[in-house]
Amino acid sequence: MTEIQLDPGIDRKIDTSAMKVTDEVAIQITGMNKWYGSFHVLRDINMTVNRGERIVICGPSGSGKSTLIRCINRLEEHQAGQIIVDGTELSGDLKNIDKVRSEVGMVFQHFNLFPHLTILENCTLAPIWVRKVPKREAEETAMHFLEKVKIPEQANKFPGQLSGGQQQRVAIARSLCMKPRIMLFDEPTSALDPEMIKEVLDTMIALAEEGMTMLCVTHEMGFAQAVANRVIFMDQGQIVEQNEPREFFNNPQSDRTKLFLSQILGH
Amino acid sequence: MSDTHAQTVAYVRNEMLAPSDPPLREAGAVKWLRENLFSGALNTILTLASLLVIWYALAAIGPWLLNSVWSAGSLAECRAILDGTSGACFSVITDRWHQLLFGFYPPQHYWRPVLALALLFAALAPVLFPALPRKLMIFTAVYPFIGYHLLWGGSVWFPVSVALGFVAGYLAYVLLARVSTLIAVFGAILAPVFWWAFAAGAFDQTMSSILPLGLEFVRSDRFGGFLISLIIGISGISLSLPIGILLALGRQSDMVFLKSVCVVVIEFIRGVPLITLLFTASLLLNYFLPPGTTFDLILRVIIMVTLFASAYMAEVIRGGLAALPKGQYEAADALGLNYWKAQRLIIMPQALKISIPGIVNTFIGLFKDTTLVVFIGLLDPIGLSNAIRADTNWNGIYWELFIFIAALFFIFCFGMSRYSMYLERRLKTDHK
Ligand SMILES: Nc1ncnc2c1ncn2[C@@H]1O[C@H](COP(=O)(O)OP(=O)(O)OP(=O)(O)O)[C@@H](O)[C@H]1O
Ligand SMILES: [Mg+2]
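Per an unreviewed UniProt entry, chain B goes by the name General L-amino acid transport system permease protein and belongs to Roseinatronobacter thiooxidans. Regarding chain B, the relevant UniProt record gives this comment under Sequence similarities (unreviewed entry): "Belongs to the binding-protein-dependent transport system permease family. HisMQ subfamily."

If you open the UniProt record of chain A and go to Sequence similarities (unreviewed entry), you find "Belongs to the ABC transporter superfamily."

This is the structure in C-alpha cells:
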C-alpha cells in the first residue's frame, strides 16, 4: 500500500527544526460538556495540549469544532467540566477570562477586522488598550508582524481596500501583536480563493516553524499532514479519533473517520 | 487552414503597453442640458412642468418680496407707503429683531448671549473637527459653566462650585480606580453628590463674601426669542446623545433588571407626546419636588426635552448596534478588550456612524420642537410673534415674522444637515 501524500499547499520546503513539543501543558480540558439550550453540542471532551503542539481539528459540518475552540477563549461558555489555559481556569471570573484572552490569539473564518480603523490601527489597538504598550512601541511591533505576513506596504489602508487573503494575514498579524502563547484558528482559509489560501497557509506554516502552539480547525488536509503533530477528528460533539497525521491519514480506525476521509480526500 | 487557426489562437505579447490617461469627457453646457434635463420625452415633460411650477411660485412671491418696506414704525404706516400695492412689510423685523432674538433680555447685556454663542462655536470646534488639537477639548468641558455664567450671571462662584463637584468625582475615580473599578465608579458618583449636597453651598457663600465676583443676574423669565430656542435645543442635543447611548446599551444588556428599566423608560417616553411632558414640567413637577425648592422653568424644560430626545436617540442607536456583525464583538472579546473598551473603540464608532442620518434627524426634530414651549408660556420666537402682534402698531402682521423665524431655524437645521453629510463622507472607510 502506498502512503497517501498530500500537497501541503505551499511551494517551499518546511523547516521542522523548531517544531518541538514540550512537556509543559498549555491547555487542559477535562470532562467538558456544553449545551445550546437542550442541544448537547459538546459531549465529554477530554484533551491535553502541550506547548509547541500543532493540532488540526477536522470533522463534518456541525460536529462542534468551532464551538470547541471558541470555548478555549470563552467566546462560548461551557456548562460542565474544566478548561485550564496556561494554568488559569476558565470560570465566571472576568479577570481570568481577560487574562486568558490576552494570551490566546484567535483568527476567524471571516477575518473580523475592524473596518473603521486602518490596518496599523487594527494591529495596535489591543496592545495599546489592553497591554498598555506605548503607541510608538506598539506601532513598531505591528510593523514587524505586518512584515512577517508580508504586507507592510498596506499599513495605512483600510480593511475594505484589501483582498481576502491580505485581510486574513492582517488578522493573523493583529493577533500576533498581542504576543499570544497559543493561537486558535477557525477555518481561516475557507472563505478564500485558492490563490489566497496559499498565502494564508504560508503564513500559518511560518508561525508553526517558530514553535507556536496552534489549534486549527481546517479542511486543508495537506497542511495537516505537513505541519500538525496531531489530528483530531470530531463528530456529533465528540472526539472520535485522534492520531499523528501519518497514521491518521493512512490507517484510520473508526468507520466515521474513514468515511469522512474518503469524502474529503476524494478516494 | 489549421495552421492559420493555430496562429490566431496562440498569442504572445512582445511589447507591454504603457499606461495612458483616461479619455477626456466631452464638456459643454448644451451637452449637460441634454443629458440631465432633456434626455427622453418623459424627462423633457418633467423638466418643463418643474419650470412652470417654479415660475408660478416666483411670480406670486417675487413682486411681494421685491416691493418690501424696511422702515416704518407700524403696520398702518407701512400700508400707507405701499399705497395699495402688494408688498412685504419687513419693517417689523427692523423694529423688533432684538426681541425676536433675545426676548426681554436686558439690552445693555446683549453682548453676553452673543459672546456665549461665539464661545459655543469655539467649544464645538474640536468635537466637530478632529483635525484640531485634542487639548482644545478642555475648553469644551468648561464651556457649560462659562455659558451658564454669561447667560444668567450672578456670582461666579456658583458655577465654579458646581464644576468642582465634577472635579471631585473625577479625583475620586482616579484615586479609587487602583482599588477596584466598581468602587471607583461608586466613588465618582457619591463624591460629587456629597459635595453638592453639603459643601457646595457653603463654598459658594464664603467665596462670594471674600471675593464677590460676577455678572448682573438675569432672571429666566427675561429670556426669550431665538435665544431660548438655542439654549433648550443645544442643551437637549448635547445631553440626549450620551443619555441615548447609555439607554441603548442598557436595552441590549444581559442584566435583566437594567434592561427592563431601560425598556420601560424608552417606551414610556416615546409613547407620550412632548407637549404632555412640557406641561408636566411647567405644572406638575412642583408638586413632586420638596416644598420650597425653586426649580428654574427653563431647566425643567431642558430636562424634559432631553429625556424625550434621548428615548428616540436610544432607538436610533439600537438600530446601528443591530446592524453590526457579531464578528466585531467576538474579535474585540478575543483580543481581550473589556466591555467598555470594546464599546468605546470598536462598537460605538461603527454603530454611531451607521446611525448618523437618524441621529441628525432626531437633533433637527428636537431643535424645531423647542417652539412647543410657547404652550407653557415661554416666549420663544413664536410666542414673541404673538406678543408683537398684541402691540396695536403691528396688529395683523403674520408672514414677515414667520419668514424671519423660519429663516433663523433653517440656517441652523441646514447647517446640521450639511455637517452630517460632511461627517458621513469623512467616516466612509468601508470602500463599498
Ligand atoms: N449559538 C448557537 N445556538 C444554538 N445552536 C448552535 C449555535 N451555534 C452552533 N450551534 C449548533 O451547534 C452545532 C455545532 O456548531 P459548530 O459551529 O461548532 O459546528 P462546526 O463543527 O464548526 O461546523 P462547520 O464546519 O459548519 O463550521 C451545530 O449543529 C450548530 O447548529
Ligand atoms: Mg465552524
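Moving on, there is more to tell.
Caption draft 1: Looking closely at the nonpolar core. Of all hydrophobic cores here, the largest spans 124 residues; its most connected members are Ile27(A), Ile29(A), Ile57(A), Leu68(A), Val85(A), Leu215(A) and Phe223(B). Broken down by element, the residue count for this core peaks at 13 residues, all from helix H15 (residues 339-369) of chain B. Contacts of Val85(A), omitting those with residues within four sequence positions, involve Ala26(A), Ile27(A), Ile72(A), Leu90(A), Val100(A), Val104(A) and Ile182(A).

Caption draft 2: Region of the structure containing the sheet that holds strand S7 (residues 182-186) of chain A. Residues and elements named next belong to chain A. Taken together, the six strands give an open sheet; going across it, the order is S6-S7-S8-S3-S9-S10, and neighbouring strands pair in mixed fashion. Of all the strands in the sheet, the pair left with one neighbour each is strand S6 (104-107) and strand S10 (238-243). Recorded for the sheet is a direction-independent mean angle of 20° between the axes of neighbouring strands. As paired elements, S7 and strand S8 (residues 213-217) share five bridges and run parallel to each other. Residue pairing in the sheet places Ile182 in a bridge with Thr213 of S8. Those strands touched by helix H2 (residues 94-103) are S6 and S7, and its axis lies near 65° from that of S6. Contacts between helix H6 (residues 194-209) and the sheet are confined to strand S3 (54-58), S7 and S8, with S8 contributing the most and set at about 150° to the helix.

Caption draft 3: Region of interest: the interface of chain A and chain B. The partner chain B presents 21 residues to the 23 residues of chain A that form the contact. Counting the surface lost from both chain A and chain B, the interface buries some 2000 Å², and carbon and sulfur atoms represent 64% of this. Of all residues in chain A, Phe114(A), His116(A) and Trp129(A) give up the largest surface area on contact with chain B, accounting jointly for 29% of the area buried on that side. Here chain A is connected to chain B by one salt bridge. In this structure, Arg70(A) and Glu330(B) form a salt bridge, with 2.7 Å as the shortest nitrogen-oxygen distance. Inspection of the chain A/chain B interface yields six residue pairs in polar contact (both at pLDDT 80 or more). Every element with two or more residues in the side of chain A that touches chain B is listed here: H2, S6 and helix H3 (119-129) of chain A. Considering every element that reaches the side of chain A that touches chain B, the biggest residue donor is H3(A), with three residues. Among the residues forming the side of chain A that touches chain B, the class breakdown is 13 nonpolar, five polar and five charged.

Caption draft 4: Quick look at helix H4 (residues 135-148) of chain A. All names here are of chain A. In this model, H4 (14 residues) spans 20 Å end to end at C-alpha, consistent with the 20 Å of a helix rising 1.5 Å per residue. Taken as a whole, H4 has its buried residues at Ala138, Thr141, Ala142, Phe145 and Leu146. Projection of H4 onto a plane perpendicular to its axis shows the buried side chains occupying an angular sector of 135°, all on one side. For H4, exposure combined with an orientation more than 90 degrees from the buried face picks out Arg136 and Glu140. For H4, the secondary structure elements touched by its buried residues are H3 and helix H5 (164-176).

Caption draft 5: The packing of aromatic side chains, seen in detail. Applying the stated criterion to the full structure yields 27 aromatic pairs over all chains. Taking 6.2 Å as the distance between ring centres and 85° as the angle between the ring planes, the aromatic pair formed by Trp157(B) and Phe203(B) counts as edge-to-face. Here the residue Trp157(B) occupies a position in helix H8 (residues 157-176), and Phe203(B) occupies one in helix H9 (residues 181-210), the gap between them amounting to 46 residues. Summarising the aromatic geometry, the rings of Trp195(B) and Phe203(B) are spaced 5.7 Å apart at their centres and angled 55° between planes, so their arrangement reads as tilted. In textbook terms, an aromatic cluster arises when at least three aromatic residues are bridged by ring pairs, as seen for Tyr105(B), Tyr148(B), Trp152(B), Phe158(B) and Phe223(B). The side chain of Lys34(A) reaches across the aromatic face of Tyr36(A), ending 4.7 Å from its centre.

Cut-offs and rules
Residues numbered from 1 in each chain as written. Chains lettered and ligands numbered in written order. Predicted model: local features only at pLDDT ≥ 70, side-chain atom pairs only at ≥ 80, totals over all residues. Heavy atoms only, no water. UniProt positions renumbered as here; feature names shortened; annotations may be inferred. Core = buried A, V, L, I, M, F, W, Y, C linked by side-chain atoms within 4.5 Å. Buried < 20%, exposed > 50% of the residue type's maximum accessible area, 1.4 Å probe, protein only. Helix = DSSP H or I, 4+ residues; strand = E, 2+ residues; numbered from the N terminus. Contact = heavy atoms within 4.5 Å. Pairing = 2+ DSSP bridges. Axes fitted to C-alpha atoms, helices over the stretch in contact; angles between N-to-C directions. Buried area = accessible area lost by both parts, 1.4 Å probe. Salt bridge = Lys/Arg side-chain N within 4 Å of Asp/Glu carboxyl O. Polar contact = N/O pair within 3.5 Å; in protein donor to acceptor, adjacent residues only side chain to side chain. Nonpolar A, V, L, I, M, F, W, Y, C, P; charged D, E, K, R; others polar. Expected span 1.5 Å × (residues − 1). Arc of directions from axis to C-beta. Phe/Tyr/Trp six-rings, centres within 6.5 Å; stacked < 30°, edge-to-face > 60°. Lys NZ or Arg CZ within 6 Å of the ring centre and 35° of its normal.

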